[in-house]
Every structure is written in structure tokens, then in C-alpha cells.
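# Fold and geometry: a report
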Amino acid sequence: MKRKIFNINRLREYRLSRGISQAHMARQLGYKSTSGYSNIERGKSSLTFERALEISQILQEDMEVLLVDEVEEAVVCVD
């Protein structure tokens, strides 16, 4: 089975296009500080499938749009 990865470039693009701040994302995801979410966008934190799903729901975007097959500046989702 091919591993899907979360494209952090798309993630940032979709968040900004919706006018959502990193602080808002961090609060919605239960982080105590913005840096928790910022680390995701910078590729410093890996994601679980559930967390990736939460992010796509906050952005009101189909998770498939944020996933790619190739590794290029992306955070790996746990299978």
C-alpha cells in the first residue's frame, strides 16, 4: 500500500485562502500555543491520520486535496 503524505505547502495555502490564522488552527486542535500547529506547517511534526482529518475538517476541505503520493516538503501521515 502506498503511503500518503500531507502536503504542507497546500496546507498553508488553503489555510491562508480561508483567512484562518495559525493561532486559530492551534486552538481548534487543542494546542496550548501556536507553535504546536506551526510545527506541522513547517514539517517539524508528524501527523496521525486522525489529526490530518481534523485539520481538513477545520479547513472545510476534502482531505484527499491535501494528500500527495510524492515526498516534497510534506509531513507523513501514519498509515
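Above: the structure in question.
Residues numbered from 1 in each chain as written. Predicted model: local features only at pLDDT ≥ 70, side-chain atom pairs only at ≥ 80, totals over all residues. Heavy atoms only, no water.

What follows covers the pattern of salt bridges. Counted under the stated rule, the structure contains three salt bridges. Residue Arg15 is joined to Glu41 by a salt bridge in which the shortest nitrogen-to-oxygen separation is 2.5 Å. On the criterion of sequence distance, the pair formed by Arg15 in helix α1 (residues 8-17) and Glu41 in helix α3 (residues 34-41) is long-range, its members being 26 residues apart. Of the two residues, Arg15 and Glu41, both sit in the buried class. (Salt bridge = Lys/Arg side-chain N within 4 Å of Asp/Glu carboxyl O. Helix = DSSP H or I, 4+ residues; strand = E, 2+ residues; numbered from the N terminus. Buried < 20%, exposed > 50% of the residue type's maximum accessible area, 1.4 Å probe, protein only.)

Notably, Gln60 is not glycine yet its phi reads approximately 55°, a positive angle. Tracing the chain through its elements places Gln60 in the loop between α4 (49-58) and α5 (63-66). The exposed category is assigned to Gln60, whose relative accessible area is 69%.

On to the environment of Tyr37. Position of Tyr37 among the secondary structure elements: in helix α3. Residue classification places Tyr37 among the buried residues on the basis of a relative accessible area of 0%. Excluding anything up to four places from it in sequence, Tyr37 contacts Leu11, Arg15, Gln22, Met25, Ala26, Leu29, Tyr31 and Ile55. (Contact = heavy atoms within 4.5 Å.)

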